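Analysis of the macromolecular model
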Amino acid sequence: NAGVTQTPKFRILKIGQSMTLQCAQDMNHNYMYWYRQDPGMGLKLIYYSVGAGITDKGEVPNGYNVSRSTTEDFPLRLELAAPSQTSVYFCASSRTGASSGNTIYFGEGSWLTVV
Amino acid sequence: AQKVTQAQTEISVVEKEDVTLDCVYETRDTTYYLFWYKQPPSGELVFLIRRNSFDEQNEISGRYSWNFQKSTSSFNFTITASQVVDSAVYFCALSEAGGHGGSEKLVFGKGTKLTVNP
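Below you will find a few notes about this structure. Values in this document were obtained by computation on a predicted structure and should not be read as measured data. (Residues numbered from 1 in each chain as written. Chains lettered and ligands numbered in written order. Predicted model: local features only at pLDDT ≥ 70, side-chain atom pairs only at ≥ 80, totals over all residues. Heavy atoms only, no water.)

1. Notes on the environment of B:Tyr32
Residue and element names in this part refer to chain B. Heads up, the rule is: Runs of E in the DSSP output that reach at least two residues are strands. Runs of H or I that reach at least four are helices, and both are numbered from the N terminus. By the convention used here, residues are in contact when the closest approach between their heavy atoms is within 4.5 Å. Between N or O atoms, a polar contact is any pair within 3.5 Å; within protein, one atom must be a potential hydrogen donor and the other a potential acceptor, and residues adjacent in sequence are included only when both atoms are from side chains.
Structurally, tyrosine 32 can be placed in strand β5 (residues 32-39). Taking the C-alpha atoms as reference, tyrosine 32 lies 5.5 Å from alanine 97; in sequence the two are 65 residues apart. When sequence neighbours within four positions are dropped, the list of residues in contact with tyrosine 32 reads Tyr25, Thr27, Arg51, Asn52, Ser53, Phe68, Lys70, Leu94, Ser95 and Glu96. Of note is the side chain of tyrosine 32, whose polar atom sits 2.7 Å from the side chain of tyrosine 25.

2. What about the pattern of salt bridges?
Applied cut-off: The salt bridge definition used is simple: a Lys or Arg side-chain nitrogen within 4 Å of an Asp or Glu carboxyl oxygen. With a 1.4 Å probe rolled over the protein chains alone, any residue whose accessible area is under 20% of its type maximum counts as buried; one over 50% counts as exposed, and the rest are partly exposed.
Inspection of the entire model under this criterion finds six salt bridges over all chains. A salt bridge links A:Glu79 to A:Arg77, with the shortest nitrogen-to-oxygen separation between them at 3.1 Å. Overall, the relative accessible area of 33% leaves A:Arg77 in the partly exposed class. For B:Arg51, the salt bridge goes to B:Asp55, with nearest N and O atoms at 2.9 Å. Relative accessible area serves as the criterion here: at 7%, B:Arg51 is assigned to the buried category. B:Asp55 gets classed as partly exposed once you look at its relative accessible area, which sits at 23%. Taken together, the shared-partner salt bridges in this structure form one network comprising B:Arg51, B:Asp55 and B:Glu59.

3. Regarding the nonpolar core
What counts is decided by this rule: We define a nonpolar core as any set of buried Ala, Val, Leu, Ile, Met, Phe, Trp, Tyr and Cys residues linked to one another through side-chain atoms lying within 4.5 Å.
Core analysis: the largest hydrophobic core is formed by 24 residues, its most contacted members being B:Trp36, B:Phe77, B:Tyr90 and B:Leu114. The set of elements that each furnish at least two residues to this core consists of β2 (10-14), β3 (19-21), β5, β8 (64-69), β9 (74-79), β10 (88-96) and β12 (112-117) of chain B. With four residues, the single largest contributor to this core is β10(B). One finds A:Leu43, A:Leu45, B:Phe91 and B:Leu106 within the second-largest nonpolar core, a separate group that totals 20 residues.

4. Brief notes about the interface of chain B and chain A
Here is the rule we go by: In short, buried area is how much 1.4 Å probe accessible area vanishes from two parts on joining, totalled over both. In this count, Pro and Cys sit with the nonpolar residues alongside Ala, Val, Leu, Ile, Met, Phe, Trp and Tyr, while Asp, Glu, Lys and Arg are called charged and the others, Gly among them, polar.
Residue-level contacts link 21 residues of chain B with 24 residues of chain A. When chain B packs against chain A, the two sides together hide about 1,900 Å² of surface, and 57% of this comes from carbon and sulfur. Taken as a group, B:Leu45, B:Glu104 and B:Phe108 account for 33% of the area that chain B buries against chain A, more than any other trio of residues on that side. Counting every contact that joins chain B to chain A gives zero salt bridges. Where chain B packs against chain A, one counts five residue pairs in polar contact (both at pLDDT 80 or more). Per-element tally for the side of chain B that touches chain A: the top contributor is β5(B), with four residues. Its residues assigned to classes, the side of chain B that touches chain A shows nine nonpolar, six polar and six charged.

5. Some points on the packing of aromatic side chains
The test is simple: Two aromatic rings from Phe, Tyr or Trp, using only the six-membered ring of Trp, form a pair when their centres are within 6.5 Å; if the ring planes differ by under 30 degrees the pair is stacked, by over 60 it is edge-to-face, and anything between is tilted.
Under the defined criterion, the tally for this structure stands at 22 aromatic pairs over all chains. An angle of 65° between the planes, with centres 5.8 Å apart, marks the rings of A:Tyr64 and A:Tyr89 as edge-to-face. You can see A:Tyr64 sitting in strand β7 (residues 64-66) and its partner A:Tyr89 sitting in strand β9 (residues 87-94), a full 25 residues away along the chain. Residue classification places A:Tyr89 among the buried positions, given a relative accessible area of 0%. Here the aromatic rings of A:Phe106 and B:Tyr37 are separated by 5.3 Å at their centres, their planes lie at 90°, and the arrangement is edge-to-face.

In structure tokens:
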């Protein structure tokens, strides 16, 4: 029953540091996503991937990088962390994409604070 | 452009009351999908329901029901006989089939925080 697994769950970063949020799914889904949720707001798409080796930008990609070397894993890299990146990050996956109406399943979230 | 509006920021009810959460959407596509997700205090996002634009039938699942009306671009969610465990933030979301440059994303409303008091 693992579904989408994210690590770490909580992290405090100093301004300028870098880190990688890990995400893995065991549902053999082709599509994977990274969203961020700011207080009192809905989720916004950072990056997504339609399969291994293919990634694309979402609404708010600046300051982030992703890679998709396997179907299962979709890490999100924060380079030169800034206070504006303080947020809750959600990894998600779906069998096919949002544009085909497939349900997107979310991980439990990673709370990141940049100080 | 896609847009989802949840005008109710917070709702507080007493247990056993019925409560309706409103969701109004905007899209230029004729094919689109609507979702509701629940985010309990523990923070995870739980999928509740998906509805496509060609299926206007209302749906009931236990104490939950959903009313989809294309004429008013609304997809409202009603909890009957609310319980304390229903306390959560509820998000309505929209995805488009891509006829107008849609990308692979869900567009979320800002959420409605529901508090059910004992």
